[in-house]
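Next come the chains, spelled out residue by residue.
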Amino acid sequence: MRVLVTGGAGFIGTHTVKSLINAGHSPIVLDNLLGIKQEVISDNLEIPLIKSNVGNKKNLLETISGTHKDLKNTVHENRFIQAVIHFAALTNVRDSFKNPINYFRNNVQESLNLLEILCDKELNFKRKTSIPIPIVFSSSCSTYGIPKKLPIDENSPQNPINPYGKTKLIVEMLLKDFAKAYNLKSVIFRYFNAAGASEDGFFGENRKIETHLIPLAINSALGINKNFKIFGLDHPTFDGSCIRDYVHVEDIAEAHLLALAKLKNEIMCNNNPNKQSSSLEENCFEYNIGLGKGFSVLEIIKKVEDITGHNCPYEIIEKKEGDPAILIASSNKITAEIGWKPKYKKIDEMILHSYNWIKKINNF
Ligand SMILES: NC(=O)c1ccc[n+]([C@@H]2O[C@H](COP(=O)([O-])OP(=O)(O)OC[C@H]3O[C@@H](n4cnc5c(N)ncnc54)[C@H](O)[C@@H]3O)[C@@H](O)[C@H]2O)c1
C-alpha cells in the first residue's frame, strides 16, 4: 500500500517505515522534524520525506494526492495514498502541563485538519469512493489515567490526568464520531512504553528533549547525562518507584502492518455501496500494545547498570503531577483479533538494543 506516515522521522515512526518497506509497502514520511535531534531516516532508507506540519492542509492535500513537488518521479506521483499512520505529536507529559496550548494545537487541531482532509467529499470524489482513506492512530496508555484494575484492558475507563493524555483521548473521540458520520475507518493503538532500538542499529530514540527512562538511564551510565532525576520513591508500589510496561519498538512497528491489513480487509468487505456501514464497531478498532508485565524505575536502573557495566547515578526528586503509579497492559485483544505476537519479550534485549544505539550515535 502507499502509506502516509506522519511523524515518521521520530522513534516509532522510523522503525515502522522500515517495517513497511520490508513488507513491500511504499511509505511517504511527513514530519516537521522539530521533535528530533538528528534526521536519520533519509540516511538509511530511500523514501520521500516531506518537511511539513501535519496540520498544513495544502501540503497534506498535495501529499495525499501525489501532487506535492517532493513526490515527483516517485511511485507516489499523481497517485492517491491508500492509508495513513499518524504518529506526529508532542509527547512530553511534563511539558504538556506547562504549555497545554501547544499540545492541544499540535496534537488535536493538527489531527483535526488531517481528519477533515481524509473525509473531504471533493477528495473522495476524485478517489472515486465514498470511503475515506483509513488511518492508524497512535494513542497512549495515558488516556486511561489512574487505572481501577490491572492489567488495563480496552474496556477500562479513560480518564486522563495530564494534558498530553487528554489530547490523545480527544483525537480518539474525533475518530469515533468520524467513523459514524463519514465512515472513516481507523485503528487506535494505545501503546504502553515503547523501548529498545532496531537490532540492526539503524534507528533508535533520537528526541531533541529525552524524557524516557531507558535512554535517560543509559545516558547517565555512560556519563552523557549528569543530571538524571527520578520522580518520587513514595509511589504505592513494592519499591516506591513507578511501574511501567515496556514493549520493543520493532514489535510496535509490526503491529502497524497488521493494522493496515485489517483496515484493507475492512474496506474490501465494505466496498459494496449497499453494504456500507457507519457503525462504530465496524469502523473503529481499539487495541492496547504492551507485554502485560511491569518493571519499576529502580529495577530498570539496576538492569541498565548490569547491561552497561557502569553505575547509573541519579537524584530522587518530587513525584511528577499526572504520573500514575502502575501502568500494565492487557494485550489479549490485539493478539486475538489481529494476531499480534511480540518477538521481544525480555526487557534485557530492549535495554541492550537501546544501549547499542546510544553508543553508536555518541561514537562510543
Ligand atoms: N514512545 C512511547 O513510549 C509512546 C507511548 C504512547 C504513545 N506514543 C505516541 O506514539 C507517537 C510516536 O511517538 P515517538 O515516541 O515516536 O515520538 P517522537 O517524538 O520520537 O516522534 C514524533 C515525531 O513527530 C514529529 N511531529 C510532532 N508534531 C508534528 C507536527 N505537528 N507535524 C509534523 N510532525 C510532527 C516530530 O518531529 C517527531 O519526528 C506519538 O503520537 C506518541 O504520542 C508514544
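Use the structure listed above.
Residues numbered from 1 in each chain as written. Predicted model: local features only at pLDDT ≥ 70, side-chain atom pairs only at ≥ 80, totals over all residues. Heavy atoms only, no water.

(A) Looking closely at helix α8 (residues 213-221). Counting buried residues along α8, 9 of its 9 residues qualify, which places the element largely inside the surrounding structure. For α8, every residue scored as buried is listed here: L213, I214, P215, L216, A217, I218, N219, S220 and A221. In the core, the buried residues of α8 are packed alongside β7 (193-195), β9 (243-248), α11 (297-308) and α13 (347-361). A positive phi of about 80° marks G223, the residue just after α8. (Buried < 20%, exposed > 50% of the residue type's maximum accessible area, 1.4 Å probe, protein only. Helix = DSSP H or I, 4+ residues; strand = E, 2+ residues; numbered from the N terminus. Contact = heavy atoms within 4.5 Å.)

(B) Representation of the side chain of H235. The residue H235 is located in the loop between β8 (229-231) and β9 in this model. Since its relative accessible area comes to 5%, H235 is described here as buried.

(C) Representation of the sheet that holds strand β1 (residues 2-6) in the model. One open sheet accounts for 7 strands, arranged β3-β2-β1-β4-β5-β6-β10; its pairing is parallel. Since the sheet does not close on itself, it has two edges, and those belong to β3 (49-51) and β10 (284-289), each with one partner. Direction aside, neighbouring strands of the sheet carry axes that sit 20° apart on average. Summarising the sheet, β1 and strand β4 (residues 83-86) pair through 4 bridges and their orientation is parallel. Looking across to β4, one finds that L4 is bridged to V84. Taken strand by strand, helix α5 (residues 100-118) contacts β1, β4 and β5 (135-140), and its axis lies near 175° from that of β4. Relative to β5, helix α7 (residues 163-182) is tilted by about 150°, and along the sheet it contacts β5, β6 (186-191) and β10. (Pairing = 2+ DSSP bridges. Axes fitted to C-alpha atoms, helices over the stretch in contact; angles between N-to-C directions.)

(D) Quick peek at the packing of α11 against α13. It is at 10 Å that the axes of α11 and α13 come closest, and there the two elements cross at 60°. As summarised for this structure, α11 and α13 are arranged oblique, according to the angle between their axes. α11 and α13 meet at a crossing whose hand is right-handed. Touching I300, K303, V304, I307 and T308 of α11 are I347, D348, I351, L352 and Y355, all from α13. Looking at side-chain class alone, the contact of α11 with α13 contains 7 nonpolar, 1 polar and 2 charged residues. (Parallel < 35°, antiparallel > 145°, perpendicular 65-115°, else oblique. Left-handed = near helix turned anticlockwise from the far one by under 90°. Nonpolar A, V, L, I, M, F, W, Y, C, P; charged D, E, K, R; others polar.)

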